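One letter stands for each residue in the lines below.
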Amino acid sequence: MLPTKYYYYFAAPKRRLEKIVIIPTYNERDNIVNIVRAVFSLNTGFHILVIDDGSPDGTAELVKELQQQFSDTLFLEERKGKLGLGTAYIHGFKWALQKGYRFICEMDADFSHNPADLDRLYHACKAEGADLAVGSRYIKGGAVENWPWDRILLSKGASFYTRMILWMPVKDPTAGFVCYRRETLEAMNLDKITFVGYAFQIEMKFAAWKLHFKIQEVPITFIDRKLGVSKMNKGIVKEGILGVLKLRFMSLFKDYHRKIKNHDFASV
Ligand SMILES: Nc1nc2c(ncn2[C@@H]2O[C@H](COP(=O)(O)OP(=O)(O)OP(=O)(O)O)[C@@H](O)[C@H]2O)c(=O)[nH]1
Ligand SMILES: [Mg+2]
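Attention here is on the structure that accompanies the text.

What counts as what
- Residues numbered from 1 in each chain as written.
- Chains lettered and ligands numbered in written order.
- Predicted model: local features only at pLDDT ≥ 70, side-chain atom pairs only at ≥ 80, totals over all residues.
- Helix = DSSP H or I, 4+ residues; strand = E, 2+ residues; numbered from the N terminus.
- Rg over C-alpha atoms; globule rule 2.2 N^0.38 Å.
- Buried ≥ 20, exposed ≤ 12 C-beta atoms within 10 Å, placed from the backbone.
- Contact = placed C-beta atoms within 7 Å.
- Pairing = 2+ DSSP bridges.
- Right-handed = clockwise from strand over helix to strand, strands pointing away.
- Axes fitted to C-alpha atoms, helices over the stretch in contact; angles between N-to-C directions.
- Core = buried A, V, L, I, M, F, W, Y, C linked by C-beta atoms within 7 Å.
- Expected span 1.5 Å × (residues − 1).

Brief notes about the overall build of the chain
Move 1: Each helix and strand in the chain was counted, giving 10 helices and nine strands.
Move 2: Since a compact globule built from 268 residues should have a radius of gyration of about 18 Å, the 17 Å found for the chain is in line with a globular shape.
Move 3: Overall, the chain is about 50 × 50 × 35 Å in size when its C-alpha atoms are taken along their principal axes.
Move 4: Within the span of the chain, comprising 268 residues, buried residues form 43% of the whole.
Move 5: If you take every contact in the chain between residues at least 6 apart in sequence, the share linking residues at least 24 apart comes to 83%.

Some points on the pairing of strand 3 (residues 74-78)
Move 1: Sheet analysis places strand 2 (residues 47-52) next to strand 3, joined by five bridges and oriented parallel. Bridge pairing links leucine 49 to phenylalanine 75 in strand 3.
Move 2: Chirality of the crossover, the property in question, places the unit of strand 2, helix 3 (residues 59-69) and strand 3 among those that are right-handed.

Focus on the sheet that holds strand 3
Move 1: Ordered in space as 3-2-1-4-7-5-8, the seven strands form an open sheet in which the pairing is mixed. Both edges of this open sheet fall to strand 3 and strand 8 (215-219), since each of them pairs with a single strand only. Taken pair by pair, the neighbouring strands of this sheet meet at an average axis angle of 20°, ignoring direction.
Move 2: Pairing analysis gives five bridges linking strand 5 (residues 132-136) to strand 8, with the strands arranged parallel. Paired with glycine 135 across the strands is valine 218, a residue of strand 8.

Description of the nonpolar core
Across soluble globular proteins, nonpolar side chains have a tendency to be buried as a group.
Move 1: In this structure, Val21, Ile22, Ile48, Ile104, Cys105, Ala133 and Val178 are the most contacted members of the largest nonpolar core, which totals 69 residues.
Move 2: It is helix 8 (residues 198-210) that contributes the most residues to this core, nine residues altogether.

A short note on the pairing of strand 5
Move 1: Counting buried residues in strand 5 gives five out of five residues, a clear majority hidden from the surface.
Move 2: Where burial is concerned, the two faces of strand 5 agree: the one with Leu132, Val134 and Ser136 and the one with Ala133 and Gly135 are both buried.
Move 3: Note that strand 5 and strand 7 (residues 178-181) share three bridges and pair antiparallel. From the neighbouring strand, leucine 132 faces strand 7, where its bridge partner is tyrosine 180.

Focus on unusual backbone geometry
Move 1: In this structure, asparagine 43 is a non-glycine residue whose phi angle is positive, near 55°.
Move 2: Examined against the element boundaries, asparagine 43 turns out to sit in the loop between helix 2 (32-41) and strand 2.
Move 3: By the C-beta count within 10 Å, which is 7 here, asparagine 43 ends up exposed.
Move 4: The phi torsion at histidine 212 lies on the positive side, around 65°, for a residue other than glycine.

A look at helix 9 (residues 234-253)
In an α-helix, one turn spans 3.6 residues; hence positions three or four apart end up facing the same way.
Move 1: With 20 residues, helix 9 should reach 28 Å at 1.5 Å per residue; the first-to-last C-alpha distance of 28 Å fits that figure.
Move 2: Inspection of helix 9 places Glu239, Gly240, Gly243, Val244 and Leu247 among the buried residues, and these make up the whole buried set.
Move 3: Of the surrounding elements, those touching the buried residues of helix 9 are helix 6 (149-166) and helix 8.

This is the structure we're talking about:
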């Protein structure tokens, strides 16, 4: 995969495609077939890119079987081992930009995010002028279903902590159900995004905000996964706590805007 600053020159897309959702997977064999079918059965024109990190449970093989039916709209990128959610998305962003997609969404494989909401996120970007639409649990109309109290506390605590420290006007900064206008991603030097877990989601929103893009929150209901196991761990929480402090430090004492901007691209 080319570094961000080169692919505009060497791999500029010849044609534009409209919208794609990137689904990162690690051991999601219980969910992957249903989530792919759920997206396509909406008939909203979304393509799907699955980024699988060598899942030992054979998730990628199931995607390959589905590709026989959805050969033009379902794509798979396989990486050798579990390299983390953040790098999976960066890989997917570069892939989707290079192919020429105008709107690039993120969604979990585990049905915590309702595929039917994809179009609402897309609509916020396409019709309402958002540069980044965030599926938000913590604005009016948003909700969380079936999460144990400790996960709700952790998630709400993380949002509160992030907002206190970064002063970023996003009520659900750890949200992983989002849609980007391609220009938003093009304006970032994606190689400078460093975090991989919760902190990755925060950093992407922080970067978009620092680059003066319009972020719009769209209320969603988040539902706890019913099948498969969570990949959440203490390391991800620790990265979130330290990562937010690091972002604050960089934006106070270093030129974060300069660091994150793709200098070879549009002026922002
Ligand atoms: N490619 C890739 N995907 C990952 C990795 N870690 C997690 N994922 C996927 O990222 C999505 C979110 O992970 P989850 O385990 O559901 O994490 P979470 O939603 O924060 O936690 P839960 O609510 O407990 O499920 C899922 O589709 C995972 O399969 C990884 O290292 N690489
Ligand atoms: Mg999940």
